[in-house]
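Tertiary structure, described
Residue strings, one per chain:
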Amino acid sequence: MYDLIVKRTLSSFGTHSTRETLNVEIEIKKEPFVTKGTRTIEPGWQAYYQPYLFIEEKELPPFKENQKIKIKKINLLSKETQPPKRYTPASIIKELEKRNLGTKSTRAAIIDALYQRNYIIENSLQVTGLGLKTIETLDKYSPEILDEELTKEIEVDLEKIREKKEKPKEVIDRAEKFLTKILTKFKKHEKNIGKNLLGALKETRDKASIVGKCDVCKKGDLRILYSRRFKSYFVACSAYPKCKTTHSLTRGLPKPTDKKCESCGFPLVQIIRQGTRPFNYCINKKCPQKLEWMKKNKDKVEAFKKQNQDQKSQK
Ligand SMILES: [Zn+2]
Ligand SMILES: [Zn+2]
């Protein structure tokens, strides 16, 4: 770690490095083929950053324009194109930057808000039913809100105020005018928008909390709830108060899975806990497999219980 820090520091004082990229288009029987090579000409700062530098050197033979080349060998490869990778929070922030949306201080907060409002889930971003429905509904009733240009315009205008190129009053007057227009339209369709989103909201919330059918009344859904009193998650039947079935969970953040316990058939819940890999947990207190595991790992269980108690008393 120390070595990395030292070399990183030194390299930040280095001179610029120069790299050369060669794009070659080759025409073979009227079919276009392309190849690309990149090499470092002047290493500059790179010289101080070894061995932590990971850039590819791919040198091509020197080519001249309109040069005729001989074909030595032809390899016929069968390959498939890959779909683009899903965005991660980091890569989508970069994309926002590229599109000039938001500012350095707001971009991370924008992504956070999307998670908190249940529009997206997972680290490799996936849109939820609610997220999709929100876009669909806005597109129908108020497409201006979704327009990237609108956001950009506001950012640019704010920048103009900062640079003293325009007076705040002019910008605010202008913004007020078009926002009033958009919001009047939105207000007019408010009921329809609400109706559209309600179903999706419920569905997304259920997906995030329902672990399976109740094992006692067979009617209600078992859902993950949070107890403020005990500061922990637990599973309870949605038919409460008719059915008072509950199951306790182990420490960590629980998430529903569509898997069932091999041993007892109860729903499995994924537990995300700091310091260990996410693992599946059977919600059945009397699960034979779980009891056996606990018997085998008595020391671990005792240590865990003690650690838990210490944490609770600290709180
Ligand atoms: Zn029940
Ligand atoms: Zn089980």
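Here, the structure is the one placed above.
In what follows, the accompanying structure is described.

1. Some words on the pairing of strand β11 (residues 279–282)
Bridge count for strand β10 (residues 267–272) against β11 is 4 bridges, and the pairing is antiparallel. In the sheet register, glutamine 270 faces β11, and the bridge partner there is asparagine 280. Where β10 folds back on β11, the antiparallel hairpin that results is connected by 6 residues, among which glycine 275 adopts a positive phi of roughly 95 degrees.

2. Quick look at the side chain of serine 209
Positionally, serine 209 belongs in helix α8 (residues 190–209). The exposure class assigned to serine 209 is buried, which follows from its relative accessible area of 11%. Beyond its immediate chain neighbours, meaning those up to four positions away, serine 209 contacts Leu222, Arg223, Ile224 and Pro256.

3. Digging into the nonpolar core
Ranked by size, the top nonpolar core spans 17 residues in total, and within it Val211, Leu222, Val235, Leu249, Val269 and Ile283 carry the most contacts. Only β6 (221–227), β7 (232–237), β10 and β11 provide two or more residues apiece to this core. Here this core takes 3 residues from β10, the largest share from any one element. Every residue in contact with isoleucine 283, bar those within four places of it in the chain, is listed here: Val211, Leu222, Val235, His247, Ser248, Leu249, Phe266, Pro267, Val269 and Lys290.

4. What about the coordination of the zinc ion (ligand 1)?
Protein coordination at the zinc ion (ligand 1) comes from Cys214 (SG), Cys217 (SG), Cys237 (SG) and Cys243 (SG), with a distance range of 2.3 to 2.4 Å. Taken together, the 4 donor atoms surrounding the zinc ion (ligand 1) define angles of 107 to 114 degrees at the centre, an arrangement classified as tetrahedral. Counting the intervening residues between successive donors of the zinc ion (ligand 1) yields the motif C-x2-C-x19-C-x5-C. Note that cysteine 214 is positioned in the loop between β5 (210–213) and β6 and cysteine 237 in strand β7, a separation of 23 residues in sequence. In terms of burial, cysteine 214 and cysteine 237 fall into one category: buried.

5. A few points about the sheet that holds β5
Strands pair in a sheet through their backbones, by hydrogen bonds, and they do so in one of two ways: parallel or antiparallel. In space, the 4 strands of this open sheet follow the order β5-β6-β7-β8, with antiparallel pairing throughout. Looking along the sheet, the strands with just one partner apiece sit at the ends: β5 and β8 (246–248). The mean angle between the axes of side-by-side strands here comes to 30 degrees, regardless of whether they run parallel or antiparallel. In terms of strand pairing, β6 meets β7 through 6 bridges, oriented antiparallel.

6. Overview of the environment of lysine 207
With respect to the helices and strands, the residue lysine 207 is situated in helix α8. Under the relative-accessibility criterion, lysine 207 is labelled exposed at 70%. In this structure the C-alpha to C-alpha distance between lysine 207 and lysine 255, which are 48 residues apart in sequence, comes to 9.4 Å.

The rules we used
- Residues numbered from 1 in each chain as written.
- Chains lettered and ligands numbered in written order.
- Predicted model: local features only at pLDDT ≥ 70, side-chain atom pairs only at ≥ 80, totals over all residues.
- Heavy atoms only, no water.
- Pairing = 2+ DSSP bridges.
- Helix = DSSP H or I, 4+ residues; strand = E, 2+ residues; numbered from the N terminus.
- Buried < 20%, exposed > 50% of the residue type's maximum accessible area, 1.4 Å probe, protein only.
- Contact = heavy atoms within 4.5 Å.
- Core = buried A, V, L, I, M, F, W, Y, C linked by side-chain atoms within 4.5 Å.
- Donors = N, O, S within 2.8 Å, 3.2 Å for Na, K, Ca; no water.
- Tetrahedral: all angles 85-135°; square planar, octahedral: opposite > 155°, others 65-115°.
- Axes fitted to C-alpha atoms, helices over the stretch in contact; angles between N-to-C directions.

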